[in-house]
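# Reading the structure
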Amino acid sequence: MSKRLLVVVFVTLVLSGVSAHAQEGSFSGTVSDETGAVLPGVTVTVTSLETGRQFSTPTRDRGDYRLVNVPAGSYKIQATLPGFSTVVILKIELLVGQNRTVPIGLKVSTSEEITVTSEAPLVDTKSSAVAGNIDRREMEQLPLQGRNWMELAMMVKGITANSVVDTPGVRDRQFQLNLDGQEITQQVAGSGFGQPRFSREAIAEFQVVTNLFDITMGRSQGIQVQAISRSGTNKTTGSVYGFVRDDKFNAKDFISNTVLPYSNQQIGAAIGGPIIKDKMHYFLSYEYEREPGTILSAPPTLPGQTFSFPSKLTQNSILGRIDRQTGGKDHFSLRGSYWDWKNPFTQISGTEHPSQAADRSRIALNFIGNWSRVINENMSQEVKLGYTHFNWKNDLAIPALANSPSLAFPGQAIGQRRNYPQEFYQNTVSARYDLSWHKGKHDMKIGAEFLRWHDTGQWQLLSRGEFVFTSVPADLSRRIPAASWNDPTKWDLTGLDSIIQRYDLNFGDWTIDIPRPTWGVWFGDTWSMSSRLTVNYGVRWDADWGATAPPHVTTQTAFNPRGGVPYKDVAITAGEKLFKTDIRDLMNIAPRGGFSWNVKGDGTFVIRGGSGLYYSIPDSNTTFSQQSFNGERIRVNSFVNDRLPGFLQDPTRGKTAQDFISGKFPLPPQAPRVIAHDYKMPYTWQSTIGFQKQLGEVMMVEADYTKSKAYNQARSRDLNLFFNPANGYNLNPNAATGRPDPNFTTISWLESTGRADSSQISAALHRRFRNNLQASMTYSYTIGQNDNTTGFQYQPNNVFDTTDDDYARSTEFQRHTLRLNALYNLPWGFSVSGAYLYGSGNYYATSISTSPFGAGASQNRLVLPTALPIPIPQSVAISPSVSDRVEVASRFDGPAVITPGSLVPRNALAGLSLHKLDLRVTKDVKLSGDLKLTGILEGFNVLNHRNFGAYNAVVNTTTFGQPRQNTANTYLPRVLQLALKISF
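Residues numbered from 1 in each chain as written. Predicted model: local features only at pLDDT ≥ 70, side-chain atom pairs only at ≥ 80, totals over all residues. Heavy atoms only, no water.

## Comments concerning the overall build of the protein
- From N to C terminus, the protein includes five helices and 49 strands.
- Relative to the 2.2 N^0.38 estimate, which gives 30 Å for 984 residues, the radius of gyration of the protein is 30 Å and therefore close to what a compact globule would have.
- Dimensions of the protein along its principal axes, counting C-alpha atoms only, are 105 × 65 × 50 Å.
- Split into buried and exposed, the 984 residues of the protein put 59% on the buried side.
- Nonlocal contacts in the protein, meaning residues at least 24 apart in sequence, comprise 74% of its contacts between residues at least 6 apart.
- Carbon and sulfur atoms form 59% of the exposed surface of the protein, whose accessible area is close to 37,000 Å².
- Looking at the protein, you have 96 positive and 84 negative side-chain charges, and the mean spots of the two groups are 1 Å apart. (Helix = DSSP H or I, 4+ residues; strand = E, 2+ residues; numbered from the N terminus. Rg over C-alpha atoms; globule rule 2.2 N^0.38 Å. Buried < 20%, exposed > 50% of the residue type's maximum accessible area, 1.4 Å probe, protein only. Contact = heavy atoms within 4.5 Å. Areas by Shrake-Rupley, 256 points an atom, 1.4 Å probe, with all protein chains shown as cover. Lys, Arg positive; Asp, Glu negative; His and termini not counted. Charge placed at Lys NZ, Arg CZ, Asp CG, Glu CD.)

## Comments concerning the pairing of strand β47 (residues 914–928)
- Of the strand pairs in this sheet, strand β40 (residues 830–839) and β47 are connected by ten bridges, and their pairing is antiparallel. Looking at the pairing, A835 lines up with D918 of β47. (Pairing = 2+ DSSP bridges.)

## Describing the side chain of E291
- Within the secondary structure, E291 is located in strand β17 (residues 280–297).
- Despite being buried, E291 has no salt bridge partner; R245 is the closest side chain of opposite charge, sitting 4.2 Å away.
- A polar atom in the side chain of E291 sits 2.6 Å from the side chain of Y262.
- Beyond its immediate chain neighbours, meaning those up to four positions away, E291 contacts R245, Y262, S263, N264, S311, K312 and L313. (Salt bridge = Lys/Arg side-chain N within 4 Å of Asp/Glu carboxyl O. Polar contact = N/O pair within 3.5 Å; in protein donor to acceptor, adjacent residues only side chain to side chain.)

## Remarks on the sheet that holds strand β23 (residues 412–414)
- Pairing within the open sheet is mixed, and its five strands lie in the order β23-β22-β26-β27-β32. One side of each edge strand has no neighbouring strand; the edge strands of this open sheet are β23 and β32 (634–640). Along the sheet, successive strands turn relative to each other by an average axial angle of 20°, direction set aside. (Axes fitted to C-alpha atoms, helices over the stretch in contact; angles between N-to-C directions.)

## Here we look at unusual backbone geometry
- The linkage connecting Y420 with the following residue, P421, adopts the cis geometry, with an omega of 0°.
- Examined against the element boundaries, P421 turns out to sit in the loop between β23 and β24 (422–439).
- Even without glycine at this site, R653 takes up a positive phi of about 55°.
- Mapping R653 onto the fold places it in the loop between β32 and α5 (657–662).
- Residue R653 is classed as partly exposed on the basis of its relative accessible area of 28%.

## Thoughts on the nonpolar core
- Membership of the largest hydrophobic core comes to 34 residues, with the highest contact counts inside it found for W149, F206 and V208.
- At the level of elements, β11 (175–179), β13 (203–211), β14 (223–229) and β40 are the ones that each hand at least two residues to this core.
- For F206, the residues in contact, after removing those within four places along its chain, are V96, G132, N133, I134, M139, W149, L152, A153, V225, Q226 and A227.
- Membership of the second largest hydrophobic core comes to 30 residues, among which are L401, F467, F647 and F660. (Core = buried A, V, L, I, M, F, W, Y, C linked by side-chain atoms within 4.5 Å.)

## Notes on the pairing of strand β36 (residues 748–770)
- In this structure, strand β33 (residues 673–675) lies alongside β36, joined through three bridges in parallel fashion. Within the sheet, the bridge partner assigned to I675 lies in β36 and is L750.
- Bridge count between strand β35 (residues 699–718) and β36: 17 bridges; the pairing is antiparallel. Bridging from a neighbouring strand, E702 pairs with A764 of β36.
- For β36 and strand β37 (residues 773–787), the ladder comprises 13 bridges, and the chain directions are antiparallel.

## Examining the sheet that holds β11
- Spatially, the five strands line up as an open sheet ordered β10-β13-β14-β11-β12, and their pairing is mixed. Here the strands that pair on one side only, and so sit at the sheet edges, are β10 (130–134) and β12 (182–183).
- One ladder, built from six bridges, connects β13 with β14; its direction is antiparallel. Its bridge partner being in β14, Q207 is matched across the sheet by Q226.

## What about the confidence of the model for the protein?
- Mean pLDDT over the protein: 91, with 96% of residues reaching 70 or higher.
- Every residue in residues 1–21 is under pLDDT 50, and counting partners more than four places away or in other chains gives 73 contacts.
- Counted against residues more than four places away or in other chains, residues 877–888, with its pLDDT under 50, gives 26 contacts. (pLDDT = per-residue confidence, 0-100.)

## Comments concerning the side chain of E382
- Positionally, E382 belongs in strand β21 (residues 379–396).
- There is a polar contact of 3.4 Å between the side chain of E382 and the side chain of N370.
- Setting aside its immediate chain neighbours within four residues, E382 contacts E24, N370, W371, S372, R432, Y433 and D434.

## Some points on helix α4 (residues 620–628)
- Within α4, nine of the nine residues are buried, leaving the element largely enclosed by the surrounding structure.
- Along α4, the residues classified as buried are S620, N621, T622, T623, F624, S625, Q626, Q627 and S628.
- Packing partners of the buried residues in α4 comprise β24, β25 (442–459), β28 (511–528), β32, β33 and β36.

## Re the packing of aromatic side chains
- For the coordinates displayed, the defined rule picks out 35 aromatic pairs.
- Between the aromatic rings of W392 and F424, the centroid separation amounts to 4.7 Å while the plane-to-plane angle is 25°, which identifies the pairing as stacked. Taken as a pair, W392 in strand β21 and F424 in strand β24 lie far apart in primary sequence, 32 residues in all. You'll find W392 and F424 in the same group, each marked buried.
- Aromatic side chains Y567 and F800 sit 4.9 Å apart centroid to centroid with 55° between the ring planes, which places their arrangement in the tilted category. Of this pair, Y567 sits in the loop between β29 (533–544) and β30 (588–598) while F800 sits in the loop between β37 and β38 (808–809), and the two are 233 residues apart along the sequence. We note that Y567, like F800, is buried. (Phe/Tyr/Trp six-rings, centres within 6.5 Å; stacked < 30°, edge-to-face > 60°.)

## Considerations on a nonpolar patch on the surface
- The grouping of Y824, L826, W828, F830, V832, V921, L937 and L978 at the surface amounts to a nonpolar patch, some 700 Å² of accessible area in total.
- Secondary-structure assignment places V832 in strand β40. (Patch = residues over 30% accessible without salt bridge, like charges linked within 9 Å, V, L, I, M, F, W, Y side chains within 5 Å.)

## Remarks on the pattern of salt bridges
- The full count for this structure, using the stated rule, is 58 salt bridges.
- In this structure, E382 engages K384 in a salt bridge whose closest nitrogen and oxygen atoms are separated by 3.3 Å. K384 carries the same exposure label as E382, and that label is buried.
- Notably, a salt bridge pairs R755 with D804, separated by 3.4 Å at the nearest N-O pair. Taken together, the positions of R755 in strand β36 and D804 in the loop between β37 and β38 put the pair 49 residues apart, joining distant regions of the chain.
- According to the relative accessible area criterion, D804 is buried, its value standing at 19%.
- It is possible to trace a salt-bridge network through shared partners that takes in E183, R219, R432, D434, E449, R540 and D542.

## Details of the environment of S463
- The residue S463 is located in the loop between β25 and β26 (466–469) in this model.
- You can call S463 partly exposed: its relative accessible area is 23%.
- Along the backbone, S463 and N419 are 44 residues apart, and their C-alpha atoms lie at a distance of 7.7 Å.
- What S463 contacts, discounting residues up to four positions off in sequence, is R418, Y420, L505, N506 and W510.
- At 3.3 Å, the side chain of S463 and the side chain of Q460 are in polar contact.

See the structure below:
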């Protein structure tokens, strides 16, 4: 690590640095006279056309000016100097995080005012970041199914995801969501439990930074989303709207070949305007959504069983904001938001048994107060105080199963989820200070922030018990009848004692209490080394004090394995305490560097690049695990099958939880979860090189090569296994040899040994809005994307593997990604817009429903040693009942035949390519004055291309390779959305 840091520091100091991108943007340029001589002392004033807010600065000795921390919006620029004409540039649009270079020319005159209508160059001459913007026109006019604004992130260059819901298409901890400069990402347990949402009407615009994000942003390994809420203007405006989708307008579902029952209604209103013109403004929005739908399920281990269920989602979203400008130097803003989400029957994917359904709800609250002040012409500061709250609850959806143990067959779970009910809260109070300081050729950023982050809640893992089976009985469909999927009294589990490995049952204190005080400090500099070369460099330090040091862990239990510690590469010795306290990695120093070279000096062609470190945080589940499962808070009971009759009926042999608590019986060997003693914070090393080139007045092309290598990614291993030299795997812990330390069963060693890499070439062509037309095209070619983990619970197929067979192509890998969008305003109040998506197809995690060496699901990629060879066709046909047009569902990128004892390649099932065309047509009808009625017709997947986002990837099943339902928008058949909107 020290050598890597030295290299990056050298790159930082000698070559270049980080972009000047953040939530706000900037204006800069040079003022000169008719001869080309620079003019110092010119007063440059930038005025918001919407709110009247002003930013002003004199030009310096070299005739240059720079106005930083300017919010996104439309501005008028004015330049004045006694003895010269006053120049007024009527309108310049500044997007989130953009740096606009606007050169100004003055003429000798005493009274003339010159009005300029030309626009600023599209090229950013000051930044090395790789980013893309969704502006206000695109936010308002592009077709958007369900109106989830985050979905528009797929239009940004470098985003290769085919579906976006709560994240911009990447995994947790690889992104941060920031609203008005406030970090609001939910980190309790990942985006599978949701992220704060906002109505489309509440968000003005946003930027996605995919590489080399600003030094002022942290705690992300890859991407930052910078969004700004709408604010009031000097003109009172508002709208009332209703959007409707209904199954009568939908095409047949691709899986069931029928039109599924569905409806969706979104109604809302927004209003904003002045309280005091040019000084104080307000904005308020509200939206309600109701979405009844249908869930399909086809469990792969239950041939012939398919299920269809109604599901009903409701949401409420509220956002309010007030802005106050005091004098010409101080600006105050206050924003608050509320969102709730409720679905009483959900969370069944295309291959899950319906008994896994859950009753889920979420609530998010976000508040922030901001004060910015211009100290003098060279210095400004900003103070932010905020509060965020996120709560999610996962409850049992099926009362009849509330007291029944779950059944864990290889590749198939049946019964209510093993870790429900649960409820978690994330509460964070934040304080942040930013100082911007210009000195000579330097524009420096100095800042710090503190997050008083606290996670609480309850986590009832295995409170109802679970039977773990070693194989799937051939007649499971008879034993768990489709007609009695929710009635355990009609399930036939007789005669299965021989394939039960164990019965797990936990009891104790389910509560969670995790304080996570977090700090960040940074320094960055934008150094204008010459008129053409800008260097950005900086360093950031982050510290998450509680990430790997949970409180309430006092056990002195030691690890005493027979024959020594099974692994040579773990940071524990025989006889050492299993749980180490105060594990903290505080050396998260992240230098970053980048450059921007204005090749011709006219701002039309820029070459940019850079490199840097980007730290993130571990899954919060890692912290919860050690606090809960250390033998003191939650007692783990794992009853190994004693091979005596009646184990299924009475696995505890009459012992109750109270018997263990009272000491009547000793606790069985526990199954602790242990944070590795040498756990390190995850990070990536990002590098990029690319260019931006303006083509004429309205076009701009850009392309970048990006490389990212990730280290210290979360994984898990069972520390308590014997090595079997005969096959390179573990000895079966359920055999006579048992485990190295018989005082424990599974020891989940939560470590940071995972890694990943990604390399990509991405390009974009943009046409700015001119003559009623705006358009863009992005293309990404992924050279490679690999990993050996999917998160903290991921266990390698073989915990003793030194060749790292798990390091393979990521499920997110997609070779080709193409996105197109355009909007055009027609005469007579009509407008049209469209968006096209193409993806060459993702890969899916392949597995086999066995656990031959008794180590659980981590070995579900092995064929049983006694199994017959399994022929795997290179392409798998879809049955006629599923499709009459698609011939090939997927491709298996592995051996044609999997022989006994061999390994199924990881993520080896390739999905079909995807094509999706969305269109939108609107018609405005003027009612009176500024009051107008807008009719909206939107069609999604109008060509009804069969797109699939889930497949049965269990190799040894009869339906391997066949698609399953995925209810994300990209994978739905043709859908229409109708709307009426009244605005003023």
